[in-house]
Amino acid sequence: MREFQLSSEYIELVKLLKLLRIAQTGGHAKIIVEDGEVVRNGEPEFRKRAKLVKGDVLEIMGETIKIV
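Scope of this entry: the structure provided in the associated data block. These figures come from a predicted structure and were not determined experimentally.

**With respect to unusual backbone geometry**
Its identity is not glycine, yet R21 carries a phi of approximately 60 degrees, on the positive side. Positionally, R21 belongs in the loop between α1 (13-19) and α2 (26-34). Taking the relative accessible area as the measure of exposure, R21 reaches 75% and is therefore exposed. A positive phi is found at N41, a non-glycine position, where the angle reads about 50 degrees. Relative to the helices and strands, N41 is located in the loop between β3 (38-40) and β4 (43-44).

The following block contains the structure:
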């Protein structure tokens with residue numbers, strides 16, 4: 001499990017995907033979300049600009065990421 005240290009109140013999902021280099025571009029990040037590849041706290045997340053906060057756990061293409 002990877003941890004991502006949040007430096008503000010929240011981070012948008014597509015920005016996180018780019019920051020962690022899971023997506024190569026913003027367009028690629030949007031496709032990952034639209035295709036249902038992101039599970040947030042056990043539920044599929046289809047909102048590209050979902051605000052991720054401390055405590056959220058994401059599963060993206062077999063990888064688990066915890067927001068801390």
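**Structural notes on the packing of aromatic side chains**
Inspection of every chain in the model, using the stated rule, returns 0 aromatic pairs. For the cation-ring pair, K51 lies above Y10, with the distance from its terminal atom to the ring centre recorded as 4.8 Å.

**Quick word on the environment of G26**
Mapped onto the secondary structure, G26 falls in helix α2. Considered as a pair, G26 and K48 are 22 residues apart in the sequence and their alpha carbons are 10.0 Å apart.

**So, the pairing of strand β7 (residues 63-67)**
Relative to β7, strand β1 (residues 2-4) is paired through 3 bridges, and the arrangement is parallel. By the bridge assignment, R2 is partnered in β7 with I65. Sheet analysis places strand β6 (residues 57-60) next to β7, joined by 4 bridges and oriented antiparallel. Opposite L58, over in β7, you have I65 as the bridge partner.

**What about the environment of D35?**
Inspection of the secondary structure puts D35 in the loop between α2 and β3. Residue D35 is classed as exposed on the basis of its relative accessible area of 53%.

**So, the sheet that holds β7**
With mixed pairing, 5 strands are arranged side by side in an open sheet as β1-β7-β6-β3-β4. The sheet is open, and its two borders are formed by β1 and β4, each paired with just one other strand.

The rules we used
Residues numbered from 1 in each chain as written. Predicted model: local features only at pLDDT ≥ 70, side-chain atom pairs only at ≥ 80, totals over all residues. Heavy atoms only, no water. Helix = DSSP H or I, 4+ residues; strand = E, 2+ residues; numbered from the N terminus. Buried < 20%, exposed > 50% of the residue type's maximum accessible area, 1.4 Å probe, protein only. Phe/Tyr/Trp six-rings, centres within 6.5 Å; stacked < 30°, edge-to-face > 60°. Lys NZ or Arg CZ within 6 Å of the ring centre and 35° of its normal. Pairing = 2+ DSSP bridges.

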